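Take a look at the letters that make up each chain.
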Amino acid sequence: MAAVRRGRKLFEGKWKILFETEHPDRLIQRFKDAPTFAGARAPVKLARRGAMKNGISAALFGLLHRNGIPTHFLEVLSDREMLVRRLEMIRLEVVVRNLVAGSLAKRLGMEVGTPLAAPVLEHYYKSDALGDPFVNDFHVNALGLASGEELKAIREVAFRANGILLPFFAEREILLVDFKLEFGRHDGRLMVGDELTPDGCRFWDRSTRERLGKDRTRRSPAREAATYQEVFQRICS
Ligand code: TMP
């Protein structure tokens, strides 16, 4: 692996920082141990979370890549850093759901854990100021976020990713309840970008249904630390 020199900071998000490199098409994506966002309550700082996010994302992007789904991931550079392609990001959070949980349970008044007869795909407009509102195709079109053709391709890839991830997690005794993907354009081609970690996915233990990884209720930092580590081990060892 050739040494990659870190250039200027291009972007800082809740969970990651992007740096330029000498190569205009490549960026360094560095994962943080604790999220930073405006108005956050004291964030849960988990030792080595950034390193686990890096390892989990690399493993899952690699899995998608081997199954024909293009992603921005190129290689792991260090504990918390990976080399990625520079994408023109599409401002959508694309969520695929296999079971009812989270905002879907609230919106439709359904019991958490109800299996869905078919996976459900939703998009949310990426806007921190607006709290990532739910949008449909007409909103996406009217806001000029993605073309009709891109939306069709995004859906096809997101469902295909679900079909690849479900058995991968099942083999590791993890139920993939739902997950979020972000997409970007690269030379006119759609690619999965951002990260694929417990911070953007809901994982439950297959037999006990215990929540694994991120604790969305923020009630127990110690439990979150233990189950994040557990997910990391099941995926990466
Ligand atoms: P939700 O039930 O809160 O709508 O979340 C569904 C899944 O998508 C869950 O695994 C978390 C993930 N997600 C994010 O990570 N970021 C987001 O902005 C959204 C809307 C969902």
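Keep in mind it's a predicted model, so treat the numbers as computed, not measured.

Would you mind going over the sheet that holds strand 3 (residues 26–31) with me for this structure?
Pairing between the strands of a sheet comes from backbone hydrogen bonds, and it takes one of two forms, parallel or antiparallel. Strand order in the open sheet formed by 5 strands is 1-2-3-5-4, and the pairing between neighbours is antiparallel. Of all the strands in the sheet, just strand 1 (9–12) and strand 4 (73–78) have a single pairing partner and so form its edges. Strand-to-strand twist of the sheet, defined as the mean angle between neighbouring strand axes without regard to direction, takes the value 25°. Sitting on the sheet, helix 1 (residues 49–66) touches strand 3, strand 4 and strand 5 (81–85), and the angle it makes with strand 4 is about 150°.

Quick question: what am I supposed to make of the site of the ligand here?
Around the ligand lies a shell of 15 residues, among which R97, S103, D132, D178 and R202 are the nearest. Side-chain polar atom of R97 to an oxygen atom of the ligand: 2.9 Å apart, as the coordinates give it. R202 is positioned such that a nitrogen or oxygen atom in its side chain is 3.0 Å from an oxygen atom of the ligand. Relative to its unbound accessible area of 450 Å², the ligand is 82% covered by the protein chains. Residue assignment for the shell around the ligand shows that the elements contributing at least two residues are strand 7 (92–99), helix 2 (102–108), strand 10 (174–181) and strand 13 (201–205).

Mind showing me how you'd approach the pattern of salt bridges here?
Two side chains that carry opposite charge are able to pair once their charged atoms sit near each other. Enumeration over the complete set of coordinates arrives at 34 salt bridges. A salt bridge links R202 to D178, with the shortest nitrogen-to-oxygen separation between them at 2.8 Å. Remark: D178 occurs in strand 10 and R202 occurs in strand 13; sequence separation between them is 24 residues. In this structure, D205 engages R234 in a salt bridge whose closest nitrogen and oxygen atoms are separated by 2.9 Å. One end of the pair, D205, is in strand 13; the other, R234, is in helix 5 (residues 221–236), with 29 residues separating them in the sequence. Sharing partners across several salt bridges, the network here consists of K16, E93, K126, K180, E182 and D194.

Got a minute to help me understand the environment of E150 in this structure?
Here E150 is to be found in helix 4 (residues 148–171). E150 sits in the buried class, given a relative accessible area of 16%. Considering only alpha carbons, one finds E150 and R216, 66 residues apart in sequence, at a separation of 31 Å. Discounting chain neighbours no more than four positions away, the residues touching E150 are I90, R185 and L190. A polar atom in the side chain of E150 sits 2.9 Å from the backbone nitrogen of S147.

In this structure, what is going on with the pairing of strand 5? I would like to understand it.
For strand 5, the tally of buried residues reaches 4 of 5 residues, placing the bulk of the element in the interior. For strand 3 and strand 5, the ladder comprises 5 bridges, and the chain directions are antiparallel. Considered in strand 5, the bridge of I28 is made with L83. Direction of pairing for strand 4 relative to strand 5: antiparallel, over a ladder of 4 bridges.

Reading the values: the criteria
Residues numbered from 1 in each chain as written. Predicted model: local features only at pLDDT ≥ 70, side-chain atom pairs only at ≥ 80, totals over all residues. Heavy atoms only, no water. Pairing = 2+ DSSP bridges. Helix = DSSP H or I, 4+ residues; strand = E, 2+ residues; numbered from the N terminus. Axes fitted to C-alpha atoms, helices over the stretch in contact; angles between N-to-C directions. Contact = heavy atoms within 4.5 Å. Near = heavy atom within 4 Å. Polar contact = N/O pair within 3.5 Å; in protein donor to acceptor, adjacent residues only side chain to side chain. Areas by Shrake-Rupley, 256 points an atom, 1.4 Å probe, with all protein chains shown as cover. Salt bridge = Lys/Arg side-chain N within 4 Å of Asp/Glu carboxyl O. Buried < 20%, exposed > 50% of the residue type's maximum accessible area, 1.4 Å probe, protein only.

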